[in-house]
Structure formats: structure tokens, C-alpha cells
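Secondary and tertiary structure notes
Each chain, letter by letter, is given below.
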Amino acid sequence: MPVMKGLLAPQNTFLDTIATRFDGTHSNFILANAQMSKGFPIVYCSDGFCELTGFSRTEVMQKSCACKFLYGPETSESIILSIDEALEERKEFKNEIMFYTKTAALFWCLLDIVPIKNEKGDVVLFLASFKDITDTKAKAIQEDKKEGRHKLQVKTGSSFSSTRLRGSTVLYHISGHLHSREKSKIKINKNVFGDPPALPEYKVADAKKSKFILLHYSTFKAGWDWLILLATFYVAVTVPYNVCFIGDDDDLTRSTTVSDIGVEILFIIDIIFNFRTTFVSKSGQVIFDARQICFHYLTTWFIIDLVAALPFDLLYAVKVSVVSVVHLLKTVRLLRLLRLLQKMDRYSQHSTVVLTLLMSMFALLAHWMACIWYIIGKMEMEANAYNWDIGWLHELGKRLESPYAGMADVNTTGGGPAIRSVYIASLYFTLSSLTSVGFGNVSANTDAEKIFSVCIMLIGALMHALVFGNVTAIIQRMYSRWSQYHTRTKDLKDFIRVHHLPQSLKQRMLEYFQTTWSVNNGIDCNELLKDFPDELRSDITMHLNKEILELSLFASASRGCLRSLSLHIKTSFCTPGEYLLRQGDALQAVFFVCSGSMEVLKDGMVLAILGKGDLIGANLSLDNRVIKTNADVKALTYCDLQCINLKGLYEVLDLYPEYSHHFVQDIQQDLTYNLSDCMLSTNRLNEPKCRRLPKIMS
């Protein structure tokens, strides 16, 4: 399946921004519609607001933004007038006011109202924050009793100023406002807050990302992943080979040092890219935030990628005496193969790619088994250096006339076969064991070799089922359409044979089936689109049927009417000699000729010849909906037709009565041939065959 791109449609994240930026102490807020001047109804209220006031969300929704349901006997009339004035003039408001909860409990509230604009600069929402300052007010009253009236004025001013600062900091940080009023009392450190952010807009917007963020589904990332895949396969081949066959041979090791360093560099660069590559969250959203990307990568694949990218070849710079130690350390890079399983979806978009990957994995497994097979023979020889001559390495040396003289000859060019010959023999044995039962020219002689051979055969049986079973399934998918065609053809022939249809009817059935299959490749559009939502399906059908919908007949139809009508348009096909309609048939549809030519016959006389762009039907009446045709319509060539089902057409006309009268009148003018009165529409005789309205399909 293709790589998952995630949910990328432009979204309006205004509400999410408000909800996430408010903390627990400032979560009492409402949003109101600023475009409806009558009361400015509330469109959203937070849970904190419901807890503060005691009203449920259903009781609050659609009530006035002025929150008149919170007013009481001691609510200041002047402040109420100020609130109404601020709302009418779409300006900001901030003041202290006495409200009442649902249970008539009085509380002091710091009310902040901020207008929210859209991308056009129009005020569309009011954001109102409610800060409960009852405790602060009570403390101020107690201090007044102790210290006197004069100090009360100073205290309350200072106390409420600090409350305003705390209550408005979050609200105005969200709304993009940090006002300069009361500058003598409130001083804001610009080094802390920085420049005021822009006013948030209530609009649908594309997800924003830094230009240094890579899209996980981009073409560059796909190409880079393929490069890393090749580097991973290089590591999977060379590391086991170097560990088993090269060993401490420093000269052979140095020959691959440059390529190994190149692979290490690629892995390090890949780690850097992964820190800047988007990913799809569990909810399906594409994450563009750099901090979330880093945290996600650190908690998933970072450790494996880091270990695989460690530059072990730098150990050569310190002149490591035991080269095999470096090769053993490099085996941790095989963990990189786990990443292949993670990205299998991307690599398996095409059948040929899947086939290549499966065969490559099979060959890689055989390569690993060959390395282990050689190690077993080598360890057997080292354990019995001077009295052992029945191992597979000894047998190979005898056949190649390069026998091993002793332990010292192992891995040397002076005794025994060359490393190249030994590796080829090992690979030959493992491949023959994985794919069959071997041929015996390279065989297991010792107990250890026989046990390993049994393991290879078991693994081979599993791999044979896995790899070649998938290969069979892939090939079947590649030829599934062709197989379906032959199955349908066989079913058709069996049907004809069972019911003893005459030869002429048989020929017509087969010709129609083969022709329609060549046109649509066996795809039933109606069956394919039935699971899509009506909105998407209507857009698709409008595109597929735009040729007929561009007729002037539908000029006065609304877009909603056209969308509903498009769902009732079907595609039909006629072969030469086939009758589309017979005289006396009940008319079931209005037909539009997309290609080909047809003739209208009555009593063997040709009344009209119709071609591309012609409309065939009858005068329609909203009262008498049964129409009998008075002529035959026969295909002269292969014809593609679009037909509007009359039953569906009447349903749409009933839903749009304002258009139905226009349609009944206009169809008389647009019909090329009227089957209800058996005469050519005189209005179309001297007009082009198809009158279109350009660009109605927006």
C-alpha cells in the first residue's frame, strides 16, 4: 500500500489553540458569533465556564454574549451598558462586574472581551474570559475594616490591578494583544514576552511548517529511503562476509574501508534527516512541530540508528591489532534491517518491487547461511587440526586438488582452496538446501554439519512457503483482471449453453460483452462509487457527466440540483444493429449521444439520423409521467450514451420545484428528436447539435 500521508486537509485550528493555551486557572471562556447583531449568540462555552456559573452547555448555547442570564439585582447598570456598547462597536472590553450563578449565588468576575477577526479582517467571533475574583474582593473588604477607608482604595487598586494582569496575560497572549493602557501601573518586560504575536484569525488554513522540515511522503524522502535501503543491504552482505571469511586479513579489510566509511556517513546523515522529518500521529494528523518530531524519533528508532551509525572504521586509525574485533562490532549494524520492516509499506507499492525485495531477502538469507556453514567447517578443522579429514572443507579441498595440510592452512592462500572458491561452494550448498534437498556434491559429514543442514531445510521450507507463496499471490494480482475476463466469458458461454440460446442471440451477447469490457475494462462505476459519501460521489459524477450537464437545458439549475441530478445519470453502450428503444416501449430515460450514430425508424422508414451531441427523449409532464415511444431507435455504429433515469429525474424535480417548470419548457427546445410526437424538434433543425454552457463545472 502507498505510504500513509496522514490528514493534510486545511483545518481551522482556532478552537484548539484557545483550548490548549488556556491553563486551568483561565479556562472559563465563551465564544460568540459577532456577525449576528441580534444578541451575538454563544457558539461555544468551556467546561470551566459551566462549572463557574452552574449552567449546562445546552442552557448556555445560543444565548446572548452579554450573558444577561448572569445579571442580578446588584449588577451595575452602567457596566451592562458598557458591555452592550462594546459588543455593538466590536471593540475590546475589560472590567469587574457582579454576576449571579444559576443558584443565585453572587460572585465577582473580571470580564475580558476580545474581538476575533478572519482573514478578510472582519470580526467574526467574540472571545470572552471570566475570572472569578470573589476571594480577592473579600480580602480587600476585610483589609478595609482593619486599616480604614483610605488604605482600602490603595489596596483594592493594587490588588485588582494585579488580578487584571494575571487574568489578561493568557487571554491577550492568545489574542495577540498586550495593551499599553495603565502603563503607569503595569510594566511588561519585552525581553520576556517578546514582540506581540499577531491576532489569531478564525479561518481555514494549511498546516504551517518550517522550510527545514522534510515531508515523510515527499519525492526526496522516498529517494533517500531507497538509498538507505541499498546501504542497509550492503551492510547486510559485507559485515557477515568480513566476519566469517576475511577475519584478520588486514589487506582484504582495507580494500573495503572507503565504502564502509561512505555507508557510515549516509547513516549519520539519515539520523539528522529523521530529526527533521514529519510523521503521522496515532490520530492520523501530520506532525510538523520540530520538538514533537525530535521526541518521537528519540523514543522510537534513534537508539538503533545511532548504534548502526557508529564509525567503527575509525578504530583503524588507532591501529587496532585484531581486525576481527572491528568486524564483530559492525554486526550491530544488522539491526538496521528492522527499519526495513517499518517501511515495507512504502517499498511495496508496486508488484515488481515486492518481487525484487522478496528475492533479495531470500538471497540474503542464503548468504548468511553460507557464512555460518563455513564457520562450522572451520571450527571443526581448528578443533581437530591434525587428525580430521572428513569435514566438508576437507572434501572440497580434495576435489579441487588443494587439500588442507593442517590448522595453519585455514584462511591462508598457501593451503586449501581459495576464499572465493570456498564462499561459492558454501553459497551453492545453502541455496540448494533452501530450495530443494541438495545434490550431494557438497554434503554434511559431521554431526554439527548435519544438525545445521537440518536447520537449513526447516528454514528453507518456511522461506519457500513465505517467498514463493507471496510471489504466486503477486502474479495472481497482476493477472486478476485478465482472469476475471476469462471467468466472466466462461460463465456467459455456460449460460448460453444451458439455456440453448440461438446463434444470433449468442453472437449479440458475446459481442456486447467483449465491446463493453474493452471500453470500461470490467469496472462497474456504480458499484465502485457506492461506498463513497454522497458529497464526494456527486462531485465525481458531475465530472464524469459534465458533457450532458453543460447543455443549455440545465442552465437555470442550481448547483445543488445538478449535483443531485448527476447521481441519476448512467452510462450506456450500444453495438451496431442493437435497438435502444422499440416503438411502444415506455420511455425510461432521456438519452444523450456521446459518440457514434443512431437512426430513428418507423414502419421501416428512416425519420432521423442522430449523432454526437444529440438529445433523445420526449416532452415531459409533471402530471402524466408515463410516456410511450412512437418510433424505434437503432444504433448504426458503436455508440456511447449517457442516460438520465426518468424516475430519478422526477425525484430531483420534486425536490427543486423552482427549476421543474423551466426544465419542462426548455426540454422541448433542446430535444433533437421528440419521441412523444414522432417529429423532429423544429427548434433544433437549424441549430448546432449541442449547445453548451462553458465552465459550469467549477
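Residues numbered from 1 in each chain as written. Predicted model: local features only at pLDDT ≥ 70, side-chain atom pairs only at ≥ 80, totals over all residues. Heavy atoms only, no water.

As a further point, take the overall build of the protein chain. Broken down by element type, the protein chain carries 27 helices and 17 strands. Split into buried and exposed, the 698 residues of the protein chain put 41% on the buried side. Restricting the contact set of the protein chain to residue pairs at least 6 apart, pairs at least 24 apart contribute 67%. Accessible area for the protein chain stands at about 38,100 Å²; split by element, carbon and sulfur atoms hold 58% of it. (Helix = DSSP H or I, 4+ residues; strand = E, 2+ residues; numbered from the N terminus. Buried < 20%, exposed > 50% of the residue type's maximum accessible area, 1.4 Å probe, protein only. Contact = heavy atoms within 4.5 Å. Areas by Shrake-Rupley, 256 points an atom, 1.4 Å probe, with all protein chains shown as cover.)

Okay, the UniProt feature "transmembrane region" (unreviewed entry) in the protein chain next. Those residues carrying the UniProt feature "transmembrane region" (unreviewed entry) are residues 223–241, 261–281, 316–332, 353–376 and 451–475 in this numbering. Secondary structure content for residues 223–241 is 100% helix and 0% strand, and the end C-alpha separation is 28 Å. In residues 261–281, the share of helix is 67% and the share of strand is 10%. The end C-alpha atoms are 34 Å apart. (UniProt positions renumbered as here; feature names shortened; annotations may be inferred.)

With that out of the way, let us pick up the side chain of histidine 216. Structurally, histidine 216 is set in the loop between helix 7 (190–193) and helix 8 (219–246). Histidine 216 sits in the buried class, given a relative accessible area of 11%. Among the polar contacts listed, one links the side chain of histidine 216 to the side chain of threonine 278, at a separation of 2.9 Å. (Polar contact = N/O pair within 3.5 Å; in protein donor to acceptor, adjacent residues only side chain to side chain.)

This part covers the pairing of strand 14 (residues 632–635). Pairing of strand 9 (residues 579–581) with strand 14 involves two bridges; the strand directions are antiparallel. Across the sheet, the residue bridging to tyrosine 579 is lysine 634, located in strand 14. As defined by bridge partners, strand 11 (residues 598–602) adjoins strand 14 across four bridges and the pair is classed as antiparallel. Bridging across to strand 14, valine 600 finds its partner in valine 633. (Pairing = 2+ DSSP bridges.)

With that settled, the discussion passes to the sheet that holds strand 11. Pairing between the strands of a sheet comes from backbone hydrogen bonds, and it takes one of two forms, parallel or antiparallel. Strand order across the open sheet formed by four strands is 9-14-11-12, with antiparallel pairing between neighbours. If you trace the sheet from one side to the other, it starts and ends with strand 9 and strand 12 (605–610), each paired once. Recorded for the sheet is a direction-independent mean angle of 30 degrees between the axes of neighbouring strands. Taken together, the five bridges between strand 11 and strand 12 define a ladder with antiparallel strand orientation. Its bridge partner being in strand 12, lysine 602 is matched across the sheet by methionine 605. (Axes fitted to C-alpha atoms, helices over the stretch in contact; angles between N-to-C directions.)

Read from one edge to the other, the open sheet built from five strands follows the order 2-1-5-4-3, with strand pairing classed as antiparallel. Every other strand in the sheet has two partners, leaving strand 2 (42–45) and strand 3 (93–100) as the edge strands with one partner each. Adjacent strand axes in the sheet meet at a mean angle of 25 degrees, parallel and antiparallel pairs treated alike. For strand 1 (residues 29–33) and strand 2, the ladder comprises three bridges, and the chain directions are antiparallel. Bridge pairing links leucine 31 to tyrosine 44 in strand 2.

Before going further, it helps to examine the environment of valine 237. Within the secondary structure, valine 237 is located in helix 8. Note on valine 237: relative accessible area 36%, which makes it partly exposed. For the pair valine 237 and leucine 334, spaced 97 residues apart in the sequence, the C-alpha separation amounts to 9.6 Å.

With the exception of glycine, most residues fall at negative phi, and the peptide bonds are largely trans. Its identity is not glycine, yet cysteine 67 carries a phi of approximately 55 degrees, on the positive side. Turning to its location among the elements, cysteine 67 is positioned in the loop between helix 3 (57–60) and helix 4 (77–88). Its relative accessible area of 1% is what places cysteine 67 among the buried residues. Not every positive phi belongs to a glycine, and alanine 104 is a case in point at roughly 70 degrees. Positionally, alanine 104 belongs in the loop between strand 3 and strand 4 (106–117).

Here we come to the nonpolar core. One broad rule of soluble globular proteins: the nonpolar side chains tend to lie buried together. Judged by nonpolar contacts, the single largest core of 49 residues is most densely connected at Phe554, Met598 and Phe663. Among the elements that line this core, the one with the most residues is strand 10 (residues 589–595), at six residues. Excluding residues that lie within four positions of it along the chain, phenylalanine 554 makes contacts with Ile548, Leu549, Leu562, Leu565, Ile644, Tyr659 and Phe663. Judged by nonpolar contacts, the second largest core, of 33 residues, contains Ala32, Ile42, Ala86 and Phe130. (Core = buried A, V, L, I, M, F, W, Y, C linked by side-chain atoms within 4.5 Å.)

What follows deals with the packing of helix 10 (residues 257–274) against helix 12 (residues 302–309). Orientation of helix 10 relative to helix 12, taken along the N-to-C sense of each, is 155 degrees, at an axis distance of 9 Å. The angle between the axes of helix 10 and helix 12 places the two elements in the roughly antiparallel class. Note on packing geometry: the crossing formed by helix 10 with helix 12 is left-handed. Contact residues: helix 10 offers Phe267, Ile268, Ile271 and Asn274, while helix 12 offers Phe302, Asp305, Leu306, Ala308 and Ala309. For the contact of helix 10 with helix 12, a count of residues per class yields seven nonpolar, one polar and one charged. (Parallel < 35°, antiparallel > 145°, perpendicular 65-115°, else oblique. Left-handed = near helix turned anticlockwise from the far one by under 90°. Nonpolar A, V, L, I, M, F, W, Y, C, P; charged D, E, K, R; others polar.)

Our focus in this paragraph is helix 26 (residues 646–655). Burial in helix 26 covers these residues: Leu646, Gly648, Leu649, Tyr650, Val652 and Leu653. Contacts made by the buried residues of helix 26 are with helix 25 (559–566), strand 10, strand 15 (639–645) and helix 27 (657–670). Where helix 26 begins, one side-chain oxygen reaches toward the backbone nitrogen of lysine 647, 3.0 Å away; that side chain belongs to asparagine 645.

On the secondary structure map, asparagine 33 appears in strand 1. There is a polar contact of 2.8 Å between the side chain of asparagine 33 and the backbone nitrogen of glutamine 35. If sequence neighbours within four positions are ignored, asparagine 33 has contacts with Phe40, Pro41, Val43, Val124 and Leu125.

The final tally for this structure, using the stated rule, is 22 aromatic pairs. Judged by centre distance (5.0 Å) and plane angle (70 degrees), the ring pair of tryptophan 224 and phenylalanine 273 falls under edge-to-face. With tryptophan 224 in helix 8 and phenylalanine 273 in helix 10, the pair connects residues that are 49 residues apart, well separated along the chain. Here the aromatic rings of tyrosine 241 and phenylalanine 245 are separated by 5.1 Å at their centres, their planes lie at 20 degrees, and the arrangement is stacked. Of this pair, tyrosine 241 and phenylalanine 245 both sit in helix 8, four residues apart, which is roughly one turn of that helix. According to the relative accessible area criterion, phenylalanine 245 is buried, its value standing at 2%. Members of the aromatic cluster, connected to one another through ring pairs, are Phe49, Tyr71, Phe99, Phe107 and Phe130. The residue whose ring lies beneath lysine 137 is tryptophan 108, and the NZ or CZ to ring-centre distance is 4.1 Å. Here arginine 582 stacks its cationic end above the ring of tyrosine 579, 3.6 Å away from the centre of that ring. (Phe/Tyr/Trp six-rings, centres within 6.5 Å; stacked < 30°, edge-to-face > 60°. Lys NZ or Arg CZ within 6 Å of the ring centre and 35° of its normal.)

Bringing the pattern of salt bridges into the picture now. Per the counting criterion, the structure on display carries eight salt bridges. A salt bridge links arginine 563 to aspartate 539; its shortest N-O distance comes to 2.4 Å. In this pair, arginine 563 sits in helix 25 while aspartate 539 sits in helix 23 (residues 534–544), placing the two residues 24 residues apart along the sequence. You can call aspartate 539 partly exposed: its relative accessible area is 31%. Each member of the salt-bridge network shares a partner with another, and the members are Glu85, Glu89 and Lys91. (Salt bridge = Lys/Arg side-chain N within 4 Å of Asp/Glu carboxyl O.)

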